[in-house]
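Working through the structure, step by step
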Amino acid sequence: MTSIKEDEKKEIPEIIHDPQTNSTYQRLRFFGKGGFAKCYEIQDIATNQIYAGKIVSKKLMVKSSQKEKMSQEISIHRSLQHKHVVGFHSFFEDSLNIYIVLELCKRRSMMELHKRRKAITEPETRFYMHQILLGVQYLHSRRIIHRDLKLGNLFLDDDLHVKIGDFGLAAKIEYEGERKRTLCGTPNYIAPEILTRDGHSFEVDIWSLGCIMYTLMVGRPPFETSTLRDTYKRIKQCEYREGISLALQALSGPWQEIGSRYAQAVVNNNTINQRYRIPSSLRKPAISMIGLQLQAKPSQRPSVDKLLQHEFFSSGIMPAALPLSCLTTAPRTD
Ligand code: ADP
């Protein structure tokens, strides 16, 4: 009798053949598992080129909505080509599976980086956010909304260059001013206008970018609570943690370092001076950029072009490259 694991493996052959291009791939090591897909490192036998093979069992594709989502993901992703988007090489199927051959991102995603490092430094955040924005700028210029930008969908290559991936929830804006009404799935950093079903567009990606930047710099996501219900309530009220939304009001007020981890901002609320503790890694330009992205009203959030010009990018060191050691330990600042 074979175990379930072995049965599963049998369904993903060791030698994978693409009948259209006549390419043959050898399945190498297992890389990761998502909602539907299993990801393996695969090698083109003729060229020795290594790719990521995203493999989805047809057994899991039973509902027509799932099939539709998969073909939407493929049709959007295959039309894209950019330095900061996971390269799409080819796709094909056999009787068991659907295979998507992608650029291999050996350093996994920013989720693993976040789990190991928690809050990262401001220069690192500048390095990553700049690349993510360039990728999203490209998507928006092609009228694509990603709709699920999150750390786990931001892949990293050997140079720690960011590659946006997983277009499973992406949508194309078909005409100027179109507002999407539906979204089948649960984006991680979901924008308030998706929750309230008010119609949504490119601005949902800007919201997610604000959540990403907050998470990178603070070490925790902005709206997380113990239940999804409370989290959604907070999102709708745009109530993010650590008093940072209130501290935004203090941007013009005095700041003071208190210890190595916190600074305090003083908000002069007419008569009452209130003090808010803010992680001192967050300086004013970063707080201001996060605040612009995490605005409840979509029309008030800046475009990607505007964000790229934000003073956050000119107010400190922008590393030309980061060493791989940054995946596990903070870079030296001296
Ligand atoms: P799903 O759409 O089913 O959630 P994902 O896109 O999240 O699948 O992929 C599943 C796993 O495969 C991820 O957790 C990640 O580890 C890995 N993966 C996906 N794409 C790549 C890639 N281009 N390079 C390296 N690993 C990848």
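Residues numbered from 1 in each chain as written. Predicted model: local features only at pLDDT ≥ 70, side-chain atom pairs only at ≥ 80, totals over all residues.

Per an unreviewed UniProt entry, the recorded name for the chain is polo kinase, and the organism is Danaus chrysippus. Under the heading Subcellular location (unreviewed entry), UniProt records this for the chain: "Cytoplasm". (UniProt positions renumbered as here; feature names shortened; annotations may be inferred.)

Before going further, it helps to spend a moment on the packing of helix 6 (residues 203-218) against helix 9 (residues 284-293). Packing of helix 6 against helix 9 leaves a shortest axis separation of 8 Å and a crossing angle of 145°. Once helix 6 is placed against helix 9, the crossing between them reads as left-handed. Counted together, I206, W207, L209, G210, M213, Y214 and M217 of helix 6 and A286, M289, I290 and Q293 of helix 9 form the full contact between these two elements. (Axes fitted to C-alpha atoms, helices over the stretch in contact; angles between N-to-C directions. Helix = DSSP H or I, 4+ residues; strand = E, 2+ residues; numbered from the N terminus. Left-handed = near helix turned anticlockwise from the far one by under 90°. Contact = placed C-beta atoms within 7 Å.)

Below, the discussion takes up the environment of G34. The topology assignment puts G34 in the loop between strand 2 (23-33) and strand 3 (37-44). As a C-alpha pair, G34 and D166 span 132 residues in sequence and 10.0 Å in three-dimensional space.

Another aspect to go through is the pairing of strand 1 (residues 15-18). Residues in a regular strand point their side chains to alternate faces of the sheet. Pairing of strand 1 with strand 2 involves 4 bridges; the strand directions are antiparallel. Note on strand 2: the bridge partner recorded for H17 is T24. Two successive antiparallel strands, strand 1 and strand 2, enclose a turn made up of 4 residues, where N22 displays a positive phi of approximately 65°. (Pairing = 2+ DSSP bridges.)

Turning next to the sheet that holds strand 4 (residues 50-57). Here we have 6 strands laid out as an open sheet, ordered 1-2-3-4-6-5, and antiparallel in their pairing. With partners counted over all chains shown, the strands left at the sheet margins are strand 1 and strand 5 (88-93), one partner each. Across this sheet, the average inter-strand angle for adjacent strands is 35°, counted without regard to direction. The pairing of strand 3 with strand 4 spans 7 bridges and is classified as antiparallel. Counted as the bridge partner of I42 is Y51 from strand 4.

With that settled, the discussion passes to helix 3 (residues 110-117). All buried positions along helix 3 are accounted for by M110, L113 and H114. For helix 3, the angular spread of the buried residues around the axis is 100°, confining them to a single face. Seen from the open side of helix 3, the exposed residues pointing more than 90 degrees away from its buried face are K115 and R116. Tucked into the core, helix 3 has its buried residues touching helix 4 (122-141), strand 8 (154-156) and helix 6. Taken from the residues just after helix 3, K118 is the one with a positive phi, measuring 55°. (Buried ≥ 20, exposed ≤ 12 C-beta atoms within 10 Å, placed from the backbone. Arc of directions from axis to C-beta.)

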